[in-house]
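So you can see what is in the structure, the chains are spelled out below.
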Amino acid sequence: MKSALRLVAIGVLGLICAGGDRNAVPLAAQARTTAPAKAQPAKAPAKAPSAKEPARFGIGRPATPAEITAWDIDVGPDGVGLPPGRGTPADGAPIYASRCAGCHGKTGKEGPNDVLAGRLPGDAFPFARDPRAPKTIGSYWPYATTAFDYIRRAMPPDAPGSLKDNEVYGLVAYLLFLNELIPADASIDATSLPKVKMPAHDRFVPDTRGAPKPAPGAKSR
Ligand code: HEC
């Protein structure tokens, strides 16, 4: 241990010496030097020190399977990743009232935070022209499954991840009901949720432009 410490100390000292500018002048001497009358042409920037990176830094550890499982909760548009469980609008309503309404309003429309419910007349999609048009689950979201993923992952913001899967299913069902996307007695689960037809589904297209080109001069890794 002691010898390792000494090694580190020597290393640090070495760095300081190596970093020192060979042309450095003592401060007092610098103060006496008068500024050149004419501006010198700018020097080429000094090259970065080419210190070799070690193969390993020896920090961190492999994540355990349990840790990976806890993080691996994404739900795809097609419903892949949805857990077992189910919920109805009636299941979700009281949870919404106690844990969500304070920020999103009694019926998902009143705020003060994001408006969650409401469709536009004729399911119009004016968002490119009118940035103030309300983007709700019913007016803007292309996939119903996103509601499950997002609410389980992020809401309520003061305790994300605290809702049980059945509670999330109930909340999703209630929000879909408030958006007039499912009837009041519908049961939402891993099979039925991906089948909910979203008005904005066909308003989004896959981006076929390919991978972005690196900026000119950018170093490839
Ligand atoms: C403390 C206030 C607060 C509470 C409580 C809360 N939310 Fe939110 N919610 C927010 C804020 C703020 C955002 C916007 C977050 C952002 O844009 O990053 C948001 C965003 C959302 C969105 C995405 C809206 C969109 O269109 O992008 C959904 C869905 C949502 N919340 C559902 C819920 C549900 C369900 C609950 C109850 C379990 C809940 N929220 C509780 C503050 C809250």
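You'll find the structure just up there.
About the cut-offs
- Residues numbered from 1 in each chain as written.
- Predicted model: local features only at pLDDT ≥ 70, side-chain atom pairs only at ≥ 80, totals over all residues.
- Helix = DSSP H or I, 4+ residues; strand = E, 2+ residues; numbered from the N terminus.
- Contact = placed C-beta atoms within 7 Å.
- Buried ≥ 20, exposed ≤ 12 C-beta atoms within 10 Å, placed from the backbone.
- Arc of directions from axis to C-beta.
- Near = placed C-beta within 6 Å.
- Nonpolar A, V, L, I, M, F, W, Y, C, P; charged D, E, K, R; others polar.
- Core = buried A, V, L, I, M, F, W, Y, C linked by C-beta atoms within 7 Å.
- Expected span 1.5 Å × (residues − 1).

What should I look at first to understand the overall build of the protein chain in this one?
On a plain count of helices and strands, the protein chain comes out with eight helices and two strands. Along the protein chain, from the amino end to the carboxyl end, the secondary structure elements read α-α-α-β-α-α-α-α-α-β. Long-range contacts, defined here as pairs at least 24 residues apart, represent 62% of the contacts in the protein chain between residues at least 6 apart.

Please explain unusual backbone geometry as it appears in this structure.
In most cases, non-glycine residues show a negative phi, while peptide bonds are predominantly trans. A cis amide bond links glycine 111 to the next residue, proline 112, at an omega of 10°. Here proline 112 lies in the loop between α5 (101-104) and α6 (137-140). Positive phi values are uncommon outside glycine, yet glutamate 180 reaches one of about 55°. Overall, the presence of 12 C-beta atoms within 10 Å leaves glutamate 180 in the exposed class.

Could you clarify how one ought to interpret the environment of glycine 79 in this entry?
Mapping glycine 79 onto the fold places it in the loop between α3 (65-71) and β1 (86-87). Spatially, the C-alpha atoms of glycine 79 and tyrosine 143 are 9.4 Å apart, while their sequence positions differ by 64 residues.

Would you explain helix α4 (residues 89-99) in this entry?
An α-helical turn contains 3.6 residues, so a residue and the one three or four places further along point in the same direction. All of the buried residues in α4 are Pro89, Gly92 and Tyr96. Each buried residue of α4 sits inside an arc of 60° when the element is viewed along its axis, so together they form one side. Turned more than 90 degrees from where α4 packs its buried face, Pro94, Ala97 and Ser98 sit exposed. Residues of α4 that are buried in the fold lie against β1, α5 and α8 (165-178).

Help me understand the site of the ligand in this model?
Neighbouring residues of the ligand: 17 residues in total, closest Cys100, Cys103, Asn113, Met155 and Pro156. Among the secondary structure elements, those contributing two or more residues to the shell around the ligand are α5 and α7 (145-154). Per-class residue counts for the shell around the ligand are 10 nonpolar, three polar and four charged.

I would appreciate a short explanation of the nonpolar core in the present structure.
Considering soluble globular proteins, one finds that nonpolar side chains tend to be buried as a cluster. Core analysis: the biggest nonpolar cluster contains 30 residues, and Ala147, Phe148, Val172, Ala173, Leu175 and Leu176 have the highest contact counts within it. Listed by contribution, the elements that provide at least two residues to this core are α7 and α8. Setting aside residues no more than four positions away along its own chain, phenylalanine 148 makes contact with Val75, Leu82, Val168, Val172 and Leu193.

Looking at this structure, I do not really get α8. What am I missing?
Spanning 14 residues, α8 covers 20 Å between terminal C-alpha atoms, matching the ideal 20 Å at 1.5 Å per step. Here α8 has its buried residues at Val168, Tyr169, Gly170, Leu171, Val172, Ala173, Tyr174, Leu175, Leu176, Phe177 and Leu178. Tucked into the core, α8 has its buried residues touching β1, α4, α6, α7 and β2 (188-189). With its phi angle positive at about 55°, glutamate 180 sits one or two positions after the end of α8.

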